[in-house]
Amino acid sequence: MGEKTTRRTMLKSGVAAAIAALLSPRQSSGHQVKEYPDSMGVLVDLGRCVGCRSCEAACNAEQGLPEPEKPFNDMTVFEELEHGRQRRTDETRYTVVNRYEAPGREHPLFRKVQCNHCQEPACLTSCFVNAYTKTPEGAVIYNQDVCVGCRTCMIACPFYIPAFKYSSAFSPRIQKCVFCYDTRLKYGKPPACVEACPQEALVFGRRQDLIKVGRRRIEEHPDRYVDHIYGEYEAGGTSWLYLSPVPFAQIGFNTELPHAPILDSVKNFLGIVPMVLTIWPALFAGFHLLATRKETAAGEAVDHPEEEKR
Amino acid sequence: MKNLVAESDYLPLSSSYRVDGSPWTLKEKILLGLTARQYLRQLLRNPVNWLLLVLFAVGLPLLLQRYLVGLGSVTHASNDYPWGLFLGFGLFGMVPLSASGFLLGTTVSLFGRKDFHPIERLALLNGLLGYFFAVVYLLVDLGMPWRLTYPMVISFGPAAVLFLVAWHVATYLSVQVAEVLPSFFEWIGRSAWKIHIKRITLGLTIAGIILSTLHQGALGALFTYAPTKVHPLWLSSEFQWIHFFCSAIFGGLAMVIVSSTLIDRWIPWRCGHAFRANLQRMTLGLGKGASYAMITYLVIKLVAIAHDNEWEQLLGGWGLYYLLEVGIGVVAPMLLFATGVRNGEVGKVRIAAFLTVVGIVWNRLNTALVCFNYQMYAEIPHWKEVWLTITLYALYFVVYRWIVYRLPIVFEWKETAAPQT
Ligand code: SF4
Ligand code: SF4
């Protein structure tokens, strides 16, 4: 009898623990973002960008991408719409510049899009074969030799950056900006696009310094910038940072991104895994013993096994 | 087939030995005890097979195209919608409907509910095939299908949810193979081997529960990687995994009801005495279980909405669509289940089960496709993608039917031929 009580109590406490764990409130936010003190980055000053597409051309050459249909000095690409959206990165281009007409401004604004090299990259954390690496220099690079092509990273990236080489049957891969890691960043050199920019709209440097630079520009010219550095906190912070003369939402930025890394919203689930692994076996072995020992009672007690399973 | 069975007294083949004491050969077992000619003739007589033929005639070349020319040749190659129908339907839809194996395994082996024994094997088979074909869909969708085993052997990303799914589905698939093996052993005339499986049944069942809880939940958790992309009504970072797990419970139960109903209706000659005699009672029992799971599910859905305070979301267009999904896919079948069970109306329970299955698939498609990128354009799959998805499902159907025709799933295998029951 005593043995049974202990088992019962054990079961009960097990269930209680499970329920408590389920119902416990969100961990008092304070998410931890990994620090990369030496991370390099790029500060993009949208107020300076004139939409010349030099960076697109430089990237294309540097990464050995196929020649595009329209040459890089053809500005009609700004009118291209696909599904009502402006151009995005794909298997033929790792960066694109899009044009925006911001309300109340005489001149259009241009926004360069590429991988933002997040501090806590969603693509990296979602990949089940660890194909991505965040290097100490700040680049998020990709290893095509282990990639299985499940495309979860594309689901996870909040900036819609990774593209898949759908056109290839035998050697498809993910394609995205790698911060020119192999050819330049590794040797301390700025990426090709930064070097190509005639307007100095792109500034390469240590991320921490760039944030200071950005702050200073905002302070010195409060009339020229909105008071926000996009990328300082978005999705856990990114290595690429943006300054803009108009509210970011007006020029295609997603301003609803959480400041916590994407991984934080998955942690709820990851947290229960060890719990299920440890509690379930004991719980159900116990149920089995109870159910089969008292065959008569089993009839009503476990009429609906589904119920106990939560 | 029905007629043939009616004509000859030695059919259907359900024993290791004929009436005269000589064993059936494997070939004869495969041909269902018919001559090759008879077999072919009954195949051609069945209109369903002609439909399948049409599906395959177009679908198999498409499959070839997918592998030779690339995924982009049969889909829209969308970078915004990386997951299309193959995963939306094939993985996210098939897996919850295949929870039947672990549910009935638990009911019978773990809780000792022997009264559900006659349907246990069908549930196990339904589970095994569902998972197997989810993997088939995956093989079509993965960019490099030949690297399917990489997460197991080459490179690990243990912090990723998909890593968990991969491992669990792989392990669980082997658990399910083990669980279905006894029927196979009987069929090939090696009943003695069953003892090895029997010894580990309890272990297998518990493993099944753990793995199922985790990977059914994990499929939901996969979407929490896209907190800004999936419409908030279909996503709850706290409860997503419970939603998916809980709906898999009634999804799995409903799928067994649907499958057993179809078998009972269209393949009556194959059904054994125990199966037929108990089917109505078991259907009601399964329906009861499903309705309980459904009410739980609805409560958690409500909790999720309250928790994220999304009440006003319900008022917009998306909200209406959400209510429609929950209404047709969950509330309606739940009420049908409840009244059907109370009044003992098997027909109602079966309709409810059918609705439930549709509801589950609908919910998964909504999460993966319709309400994904809800602030963006909608992706309508390429017709080739749709056709291929249906083709693979037809393949699933063929394999399912092939096994049910032969292996002792819904009837009992006898060592020697006994008079028909
Ligand atoms: S922007 Fe997207 S692809 Fe680039 S590091 Fe961040 S999550 Fe990864
Ligand atoms: S597509 Fe490749 S890189 Fe992206 S998550 Fe899958 S395995 Fe990882």
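Residues numbered from 1 in each chain as written. Chains lettered and ligands numbered in written order. Predicted model: local features only at pLDDT ≥ 70, side-chain atom pairs only at ≥ 80, totals over all residues. Heavy atoms only, no water.

### Brief notes about the overall build of chain A
Secondary structure assignment for chain A yields 9 helices and 9 strands. The buried share among the 310 residues of chain A stands at 54%. In chain A, 60% of the contacts between residues at least 6 apart in sequence involve partners at least 24 apart. (Helix = DSSP H or I, 4+ residues; strand = E, 2+ residues; numbered from the N terminus. Buried < 20%, exposed > 50% of the residue type's maximum accessible area, 1.4 Å probe, protein only. Contact = heavy atoms within 4.5 Å.)

### As for the overall build of chain B
For chain B, the count of helices and strands is 16 helices and 0 strands. Taken against the 2.2 N^0.38 rule, which gives 22 Å for 421 residues, the C-alpha radius of gyration of chain B at 22 Å falls within 12% of a compact globule. Counting only C-alpha atoms and orienting by the principal axes, one finds that chain B spans roughly 70 × 55 × 40 Å. Considering chain B as a whole, with its 421 residues, one finds that 61% of them fall into the buried category. The long-range fraction of contacts in chain B, counting pairs at least 24 apart against all pairs at least 6 apart in sequence, stands at 80%. In chain B, which carries 31 positive and 21 negative side-chain charges, the distance between the mean positions of the two groups comes to 9 Å. (Rg over C-alpha atoms; globule rule 2.2 N^0.38 Å. Lys, Arg positive; Asp, Glu negative; His and termini not counted. Charge placed at Lys NZ, Arg CZ, Asp CG, Glu CD.)

### Topic: the packing of aromatic side chains
All names here are of chain B. Enumeration over the complete set of coordinates arrives at 43 aromatic pairs over all chains. Where Phe 89 meets Tyr 137, the ring centres are 6.0 Å apart and the plane angle is 80°; that geometry is what we call edge-to-face. Taken together, the positions of Phe 89 in helix H5 (residues 85–91) and Tyr 137 in helix H8 (residues 117–141) put the pair 48 residues apart, joining distant regions of the chain. Neither Phe 89 nor Tyr 137 differs from the other in exposure class; each is buried. Put simply, the rings of Phe 89, Phe 132, Phe 133, Tyr 137, Tyr 393, Tyr 396 and Tyr 400 touch in pairs and so form one group of aromatic residues. Here Arg 270 stacks its cationic end above the ring of Phe 411, 3.6 Å away from the centre of that ring. The residue whose ring lies beneath Arg 406 is Trp 402, and the NZ or CZ to ring-centre distance is 4.1 Å. (Phe/Tyr/Trp six-rings, centres within 6.5 Å; stacked < 30°, edge-to-face > 60°. Lys NZ or Arg CZ within 6 Å of the ring centre and 35° of its normal.)

### Section: the confidence of the model for chain A
All names here are of chain A. Counting all residues, the mean pLDDT for chain A is 84, and 83% of those residues have values of 70 or more. Contacts of residues 1–30 to residues separated by more than four positions or lying in other chains number 20 contacts, the stretch itself having pLDDT below 50. Low pLDDT, under 50, characterises residues 296–310; the stretch is placed with 33 contacts to residues that sit more than four places away or in other chains. (pLDDT = per-residue confidence, 0-100.)

### Some points on the UniProt feature "transmembrane region" (unreviewed entry) in chain A
Following the UniProt record, the feature "transmembrane region" (unreviewed entry) maps to residues 269–290 of chain A here. As annotated, residues 269–290 of chain A comprises 100% helix and 0% strand, and the C-alpha atoms at either end are separated by 30 Å. (UniProt positions renumbered as here; feature names shortened; annotations may be inferred.)

### So, the site of ligand 2
As a matter of local geometry, ligand 2 sits amid 14 residues, with Cys 127, Cys 147, Cys 150, Arg 151 and Cys 153 of chain A nearest to it. Among the residues forming the shell around ligand 2, the class breakdown is 11 nonpolar, 2 polar and 1 charged. (Near = heavy atom within 4 Å. Nonpolar A, V, L, I, M, F, W, Y, C, P; charged D, E, K, R; others polar.)

### Some words on the interface of chain A and chain B
The interface of chain A with chain B comprises 71 residues on the first partner and 77 residues on the second. Carbon and sulfur atoms make up 66% of the surface buried where chain A meets chain B, a total of about 6400 Å² over both sides. Looking only at chain A, the three residues that lose the most surface to chain B are Phe 128, Ile 155 and Tyr 166 of chain A, adding up to 13% of its buried area. At the junction of chain A and chain B, the tally comes to 3 salt bridges. Across the salt bridge formed by Asp 80 of chain B and Arg 85 of chain A, the nearest N and O atoms sit 2.9 Å from each other. There are 25 residue pairs in polar contact (both at pLDDT 80 or more) connecting chain A and chain B. Elements with a minimum of two residues in the side of chain A that touches chain B: helix H3 (122–126), helix H4 (152–156), strand S6 (163–164), helix H7 (263–293), helix H8 (295–301) and helix H9 (305–308) of chain A. Among the elements that take part in the side of chain A that touches chain B, H7 of chain A stands out by supplying 18 residues, more than any other. Of the residues contributing to the side of chain A that touches chain B, the split by class is 39 nonpolar, 17 polar and 15 charged. (Buried area = accessible area lost by both parts, 1.4 Å probe. Salt bridge = Lys/Arg side-chain N within 4 Å of Asp/Glu carboxyl O. Polar contact = N/O pair within 3.5 Å; in protein donor to acceptor, adjacent residues only side chain to side chain.)

### Digging into the environment of Thr 238 of chain A
Residues and elements named next belong to chain A. Of note, Thr 238 is situated in the loop between helix H6 (207–220) and strand S9 (240–243). Since its relative accessible area comes to 1%, Thr 238 is described here as buried. Sequence separation between Thr 238 and Leu 290 is 52 residues, and the spatial gap between their C-alpha atoms is 54 Å. Apart from the residues within four sequence positions on either side, Thr 238 is in contact with Asn 116, His 117, Cys 118, Gln 119, Phe 159, Arg 207 and Gly 231.

### Examining helix H14 (residues 317–343) of chain B
All names here are of chain B. Relative to the 39 Å expected for 27 residues at 1.5 Å per residue, H14 spans 37 Å between its end C-alpha atoms, a close match to the ideal helical length. Helix geometry: H14 is bent most strongly at Gly 327, by close to 40°. Inspection of H14 places Gly 319, Tyr 322, Glu 325, Val 326, Gly 329, Val 330, Pro 333, Met 334, Phe 337 and Gly 340 among the buried residues, and these make up the whole buried set. Its buried side turned inward, H14 meets helix H12 (240–266), helix H13 (273–307) and helix H15 (346–370). Gly 344, located one to two residues past H14, shows a positive phi value of around 65°. (Expected span 1.5 Å × (residues − 1). Bend = angle between axes of the 7 residues up to and from the residue.)

### A look at the sheet that holds strand S8 (residues 202–206) of chain A
Residue and element names in this part refer to chain A. Taken in spatial order, the 3 strands of this open sheet run S8-S1-S9, and their pairing is mixed. Of all strands in the sheet, those with a lone pairing partner are S8 and S9, marking the two edges. If you compare each strand with its neighbour and ignore which way they point, the axes differ by 25° on average. Where strand S1 (residues 40–45) and S9 come together, 4 bridges link them in parallel fashion. Note that in S9 the partner of Asp 45 across the bridge is Leu 243. (Pairing = 2+ DSSP bridges. Axes fitted to C-alpha atoms, helices over the stretch in contact; angles between N-to-C directions.)

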